[in-house]
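Below, each chain spelled out in residue letters.
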Amino acid sequence: MVKSGESGYGIILASGRGRRFGGLKQFAMLRGQPLIYYSLQTFERCPAIRGYVVVTNPSKIRQVRKMVAVLRLRKVIDVVCGGRERMDSVMLGLAVLPGDGYVAVHDAARPLITVPMLTLGLKAVRKTGAVAFGVPVTDTIKEVIEDRIVRTVDRSGLVAIQTPQFFDLGILRRGYAKGSNQGMLITDDCQAVELLGLSPAVIINTRPNLKVTYPEDLRLCEALL
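Residues numbered from 1 in each chain as written. Predicted model: local features only at pLDDT ≥ 70, side-chain atom pairs only at ≥ 80, totals over all residues. Heavy atoms only, no water.

1. Here we look at the overall build of the protein
Right, on to step 1. Looking only at helices and strands, one finds 7 helices and 11 strands in the protein.
Right, on to step 2. Relative to the 2.2 N^0.38 estimate, which gives 17 Å for 225 residues, the radius of gyration of the protein is 17 Å and therefore close to what a compact globule would have.
Right, on to step 3. Expressed along its principal axes, the backbone C-alpha trace of the protein runs to roughly 55 × 40 × 35 Å.
Right, on to step 4. In the protein, buried positions account for 46% of the 225 residues. (Helix = DSSP H or I, 4+ residues; strand = E, 2+ residues; numbered from the N terminus. Rg over C-alpha atoms; globule rule 2.2 N^0.38 Å. Buried < 20%, exposed > 50% of the residue type's maximum accessible area, 1.4 Å probe, protein only.)

2. Points about unusual backbone geometry
Most peptide bonds adopt trans geometry, and most residues besides glycine take a negative phi value.
Right, on to step 1. Of note, the bond from Thr163 into Pro164 is cis; its omega dihedral lies within 30 degrees of zero at 15°.
Right, on to step 2. Secondary-structure assignment places Pro164 in strand β10 (residues 159–168).
Right, on to step 3. Not every positive phi belongs to a glycine, and Glu146 is a case in point at roughly 50°.
Right, on to step 4. Along the polypeptide, Glu146 turns up in the loop between β8 (141–145) and β9 (148–153).
Right, on to step 5. Note on Glu146: relative accessible area 73%, which makes it exposed.
Right, on to step 6. A positive phi is found at Asp147, a non-glycine position, where the angle reads about 65°.
Right, on to step 7. Locating Asp147 in the fold gives a position in the loop between β8 and β9.

3. Section: helix α2 (residues 61–70)
Along an α-helix, a turn takes 3.6 residues, which lines up residues three or four apart on a common side.
Right, on to step 1. Considered for burial, the residues of α2 that qualify are Ile61, Val64, Met67 and Val68. Along the axis of α2, the buried positions cluster into a sector of 125°, meaning they face one direction only. Facing away from the buried surface of α2 by more than 90 degrees, the exposed residues are Arg62, Lys66, Ala69 and Val70.
Right, on to step 2. The secondary structure elements touched by the buried residues of α2 are β3 (33–34), α1 (36–45), β4 (49–56) and β5 (76–81).
Right, on to step 3. Directly after α2, the chain includes Arg72, whose backbone phi takes a positive value near 55°. (Arc of directions from axis to C-beta. Contact = heavy atoms within 4.5 Å.)

4. Regarding the packing of aromatic side chains
Right, on to step 1. A complete count under the given rule lists 3 aromatic pairs for this structure.
Right, on to step 2. Geometrically, the ring pair formed by Phe43 and Tyr52 is tilted, given 5.7 Å between the ring centres and 50° between the ring planes.
Right, on to step 3. You can call Phe43 buried: its relative accessible area is 0%.
Right, on to step 4. A relative accessible area of 0% places Tyr52 in the buried class.
Right, on to step 5. A ring pair is formed by Phe133 and Phe166, whose centres lie 6.0 Å apart and whose planes are at 65°; its orientation type is edge-to-face. Of this pair, Phe133 sits in strand β7 (residues 130–136) while Phe166 sits in strand β10, and the two are 33 residues apart along the sequence. (Phe/Tyr/Trp six-rings, centres within 6.5 Å; stacked < 30°, edge-to-face > 60°.)

5. Focus: the packing of helix α3 (residues 86–94) against helix α5 (residues 169–181)
Right, on to step 1. At a minimum axis distance of 11 Å, the contact between α3 and α5 shows a crossing angle of 140°. The angle between α3 and α5 falls in the class oblique. Crossing of α3 over α5 shows left-handed handedness. Along its contact with α3, which presents Arg86, Met87, Val90, Met91 and Leu94, the element α5 presents Leu169, Leu172, Arg173, Tyr176 and Ser180.
Right, on to step 2. Across the contact of α3 with α5, the residue classes break down as 7 nonpolar, 1 polar and 2 charged. (Axes fitted to C-alpha atoms, helices over the stretch in contact; angles between N-to-C directions. Parallel < 35°, antiparallel > 145°, perpendicular 65-115°, else oblique. Left-handed = near helix turned anticlockwise from the far one by under 90°. Nonpolar A, V, L, I, M, F, W, Y, C, P; charged D, E, K, R; others polar.)

6. Quick word on the environment of Leu13
Right, on to step 1. Topologically, Leu13 is positioned in strand β1 (residues 8–14).
Right, on to step 2. Sequence spacing of Leu13 and Asp168 is 155 residues, and the spatial spacing of their C-alpha atoms is 18 Å.
Right, on to step 3. Beyond its immediate sequence surroundings of up to four residues, Leu13 is in contact with Val55, Arg86, Ser89, Val90, Val105, His106, Asp107 and Ala108.

7. Section: the pattern of salt bridges
Right, on to step 1. A complete count under the given rule lists 3 salt bridges for this structure.
Right, on to step 2. Asp107 is the partner of Arg86 in a salt bridge, and the nearest nitrogen-oxygen pair spans 3.3 Å. Remark: Asp107 occurs in strand β6 (residues 102–107) and Arg86 occurs in helix α3; sequence separation between them is 21 residues.
Right, on to step 3. A cluster of three or more residues bridged by salt bridges with shared partners is formed by Arg86, Asp107 and Asp189. (Salt bridge = Lys/Arg side-chain N within 4 Å of Asp/Glu carboxyl O.)

Written out as structure tokens, the structure reads:
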């Protein structure tokens, strides 16, 4: 039996405005279902997840709650409105969750998430307090200023971080509270934890975990699914 302090929870973020996509990409249709559907089903099926909250755009609250009812999603703790920035949405999700335990934070724009990914991350975070999936950068990286390449960046230690990301709830709350108090714009959950002087661990991901950014990405996701 999982102790209350060791419980795994989740936050599914589906409140972004999708400027580059041209609309709310979390609700774009993929194989007959809204993009968010795939994250909901994965969190629901994962035995390591005790409960999760969905943070969505205010205009989609009714739609998501209807999905929860129709799909009979038993682990959804609440569906709440997101904030202006991603960090605001994460903090609103954290406010719904219990005081202790662990949390997996995931962007609904990544529909290729799997139950093994959640299980592995929630197991690893119990040892490290903070861990995220990532892939080594393989492209040559250039620093550009005013449309001119000024230098080549050493990519040997670079990793592109993905979601889900996993944290001790207390650690993540403290990180976001510190960033908020300092007036910072936090765009990544690991960034919040780094403010506490901690170094999150990285799990190298060996399978596709595409983030839908442009409409063309939907076709690739469909092929990968």
